[in-house]
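The lines below spell out each chain.
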Amino acid sequence: MRFDTRLIHSGQPADPLTGAVNTPIYLSSTFKQSAPNRNRGYVYSRTANPTRSVLEAALASLESGRAGLAFSSGLGALVTLLEAFPSGSRIVAMDDLYGGTWRLFEHHRKQFGLRVDYVDMRDLAATADALRPSADLVYVESPTNPLLKLVDLKAVGRLAHAAGAAVAVDNTFATPALQRPIESGADIVLHSTTKYLGGHSDILGGALVLKEKRPATEFAWLQNAVGAIPSPFDCFLVLRGLHTLGVRMRAHEAGARAVAEVLARDGRVLRVLYPGLASHPQHALARRQMSGYGGIVSVELSGGIRAARRFLKRLRVFTLAESLGGVESLVDHPATMTHASVPRAEREAHGVTDGLLRLSCGIEDPADLADDVRSALGGL
Ligand SMILES: *Cc1c(COP(=O)(O)O)cnc(C)c1O
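The following paragraphs examine the structure supplied in this document. (Residues numbered from 1 in each chain as written. Predicted model: local features only at pLDDT ≥ 70, side-chain atom pairs only at ≥ 80, totals over all residues. Heavy atoms only, no water.)

**Things to note about the overall build of the protein chain**
Convention followed: In this text, helices come from DSSP runs of H or I with a minimum length of four residues, and strands from runs of E with a minimum of two, each type numbered from the N-terminal end. Radius of gyration: over C-alpha atoms. The globule rule applied is 2.2 Å multiplied by the number of residues raised to the 0.38 power. Summary of the burial criterion: residues with accessible area below 20% of their type's maximum are buried, those above 50% are exposed, and those between are partly exposed, where the area comes from a 1.4 Å probe applied to protein chains only. Should any heavy atoms of two residues lie within 4.5 Å, those residues are counted as being in contact. The accessible surface values rely on the Shrake-Rupley method and a 1.4 Å probe; as for residues, cover is taken only from the protein chains in view. A positive count includes Lys and Arg, and a negative count includes Asp and Glu. His and the chain ends are not counted in either. A charge is said to be at NZ when it belongs to Lys, at CZ for Arg, at CG for Asp and at CD for Glu.
The number of helices and strands found in the protein chain is 14 helices and 12 strands. Relative to a compact globule of 380 residues, whose C-alpha radius of gyration would be 21 Å, the protein chain shows 21 Å and is just as compact. In the protein chain, which comprises 380 residues, the share counted as buried stands at 56%. Contacts in the protein chain between residues at least 24 apart in sequence constitute 72% of all its contacts with a sequence separation of at least 6. Working note: accessible area of the protein chain is about 16,000 Å², and carbon and sulfur atoms make up 53% of it. Counting 42 positive and 37 negative side-chain charges, the protein chain places the averaged centre of each group 2 Å from the other.

Encoded structure:
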């Protein structure tokens, strides 16, 4: 079956008990046993819950993996992933990452003996160097947050595997509708389901999808042992979000394209970052690796923080708020919001300047999004 059909049906049979077409929300922390340790596959909801099981099967199928695991947030998924890498392990990570991922690496796990080195994985020679003498995990985002850099997943996957490292890809920005890292050689896919998969800015959630069964069993063990699991109600909402992911991603992209084109033509703009623009330095890779360009556009305004403040004040449709991937358009000022935990020098060296804004284009009429941005630019 094709992807849009699988969004609605994969791993989601009618409820075996009642025939309910939509997966019921099983609000029970525990399950009756017919005799000690005799049960129907469910014992305690941290270990497994029927609503969560359906979501996990759906996610595994959509990401072309063997198993899916749902978590309380994207960072809940990451914390659990990192539990498989004890003190002394070495991670080689992309140099542009979600701020909370960086914070967890730098300010938490490094104190407990995890080694993390960053490299711009657009440079394959530098990546091969960074993998010497050895690495346990290569951690990738593509497109990255907020600079929309792309990583060649097949090429980096080959280098990582040659060095004996596993590959994890945070696929939050692209979603499986546009990019399926396991099909390009990744071993683990991570999601913040808070974003596009949930799609309505009303829950927090995360997920891991595993390519192979054996690590999947280990991660299921960790999921239960660590306990960063989502509620059945939130699992239901992510499942409901998945059903419309295909149509939503096409609508997000229409909005993003309209906005990117307005920005690209304006003299007050230093640079527009959108993989769908022919001017994006990795547009060719985006065409090859993704089946669409997504809904996030980053823009650097000339005039730094003052211009950014003025622009934000004049926006009417875009709401100033953290997060992304919902039906409503949001705008973020990474330097003071999502990436404030990254020191200024480091931030600016990587291009997260005071004039940078990240626009998450919702599914409103693209013409209204374009008008909103045009009118905000008019005030600069
Ligand atoms: C939001 C986000 C996360 C963290 O997810 P939470 O659900 O907020 O914990 C991780 N990676 C990316 C790319 C994100 O956008």
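**Some points on the side chain of arginine 52**
Where we set the bar: Identification of polar contacts relies on pairs of N or O atoms within 3.5 Å, with a donor-acceptor requirement for protein atoms, meaning one able to donate a hydrogen and the other able to accept it, and with residues adjacent in sequence counted only if both atoms are side-chain atoms.
Its place among the elements puts arginine 52 in helix α2 (residues 50-62). Residue classification places arginine 52 among the buried positions, given a relative accessible area of 2%. Among the polar contacts listed, one links the side chain of arginine 52 to the backbone oxygen of arginine 46, at a separation of 3.1 Å. Among the polar contacts made by the side chain of arginine 52, one reaches the side chain of glutamine 223 at a distance of 3.4 Å. With sequence-adjacent residues up to four places away left out, arginine 52 is seen in contact with Ser45, Arg46, Thr47, Ala70, Gln223, Ile229, Pro230 and Cys235.

**A look at the site of the ligand**
The condition is simple: For this description, a residue counts as near a given molecule or strand if any of its non-hydrogen atoms is within 4 Å of it. Ten residues, namely Ala, Val, Leu, Ile, Met, Phe, Trp, Tyr, Cys and Pro, are considered nonpolar, four, namely Asp, Glu, Lys and Arg, are considered charged, and the remaining ones, Gly among them, are considered polar.
For the ligand, the full set of nearby residues is Ser73, Gly74, Leu75, Tyr98, Asn145, Asp170, Thr172, Phe173, Ser192, Thr194, Lys195 and Gly205. In this structure, a nitrogen atom belonging to the ligand sits 2.6 Å away from a side-chain N or O atom of aspartate 170. The contact in question runs from an oxygen atom of the ligand to an N or O atom on the side chain of serine 192, over 2.8 Å. Isolated, the ligand exposes 380 Å² of accessible area, and the fraction of that covered by the protein chains is 94%. Broken down by class, the residue content of the shell around the ligand amounts to 3 nonpolar, 7 polar and 2 charged.

**With respect to the sheet that holds strand β2 (residues 90-94)**
Spelled out, the test is: Here, strands pair whenever DSSP counts at least two bridges between them. Inter-axis angles, ranging from 0 to 180 degrees, are taken between N-to-C directions of lines fitted to C-alpha atoms, where helices are fitted over the stretch in contact.
Pairing is mixed in the open sheet, where 7 strands are placed in the order β1-β7-β6-β5-β4-β2-β3. Single-partner strands in this sheet number two, and they are β1 (67-71) and β3 (115-119). Averaged over all pairs of adjacent strands, the angle between strand axes in this sheet comes to 20°, irrespective of strand direction. Seen against the sheet, helix α4 (residues 99-107) touches β2, β3 and β4 (137-141) and runs at an angle of roughly 135° to β3. Sheet strands in contact with helix α8 (residues 213-226) are β1, β6 (188-192) and β7 (206-210), and its direction is about 20° off that of β1.

**Remarks on the pairing of β7**
For a regular strand, side-chain orientation follows a simple rule: the groups alternate between the two sheet faces. Counted residue by residue, β7 has 5 buried out of 5 residues, so it is predominantly covered. What you see with β7 is no split at all: Gly206, Leu208 and Leu210 on one side and Ala207 and Val209 on the other are buried throughout. As paired strands, β1 and β7 are joined by 5 bridges and run antiparallel to one another. Its bridge partner being in β7, phenylalanine 71 is matched across the sheet by glycine 206. Where β6 and β7 come together, 5 bridges link them in antiparallel fashion. Residue pairing in the sheet places serine 192 in a bridge with glycine 206 of β7.

**Focus: unusual backbone geometry**
The amide bond that connects serine 142 to the next residue, proline 143, takes the cis arrangement and shows omega of -5°. Secondary-structure assignment places proline 143 in the loop between β4 and α6 (153-162). With omega at 10°, the peptide bond leading from asparagine 145 into proline 146 counts as cis. Along the chain, proline 146 falls in the loop between β4 and α6. Positive phi outside glycine occurs at threonine 175, with the angle close to 65°. Tracing the sequence through the fold places threonine 175 in helix α7 (residues 175-178). Relative accessible area serves as the criterion here: at 0%, threonine 175 is assigned to the buried category.

**Overview of the nonpolar core**
Test applied: We define the nonpolar core as a collection of buried residues of types Ala, Val, Leu, Ile, Met, Phe, Trp, Tyr and Cys that are connected through side-chain atoms lying within 4.5 Å of one another. Boundary definitions for the domains trace back to an automatic or database domain assignment.
In this structure, Leu263 and Phe318 are the most contacted members of the largest nonpolar core, which totals 67 residues. No other element matches helix α10 (residues 245-264), which puts 8 residues into this core. In terms of domain composition, this core takes at least three residues from each of domain 1 (3-243) and domain 2 (245-377). Sequence-distant contacts of phenylalanine 318, that is, excluding residues within four places in its chain, are made with Val259, Ser329, Leu330, Val331, Leu359, Ser360, Cys361, Leu369, Asp372 and Val373. One finds Ala67, Leu81, Leu190 and Leu222 within the second-largest nonpolar core, a separate group that totals 42 residues.

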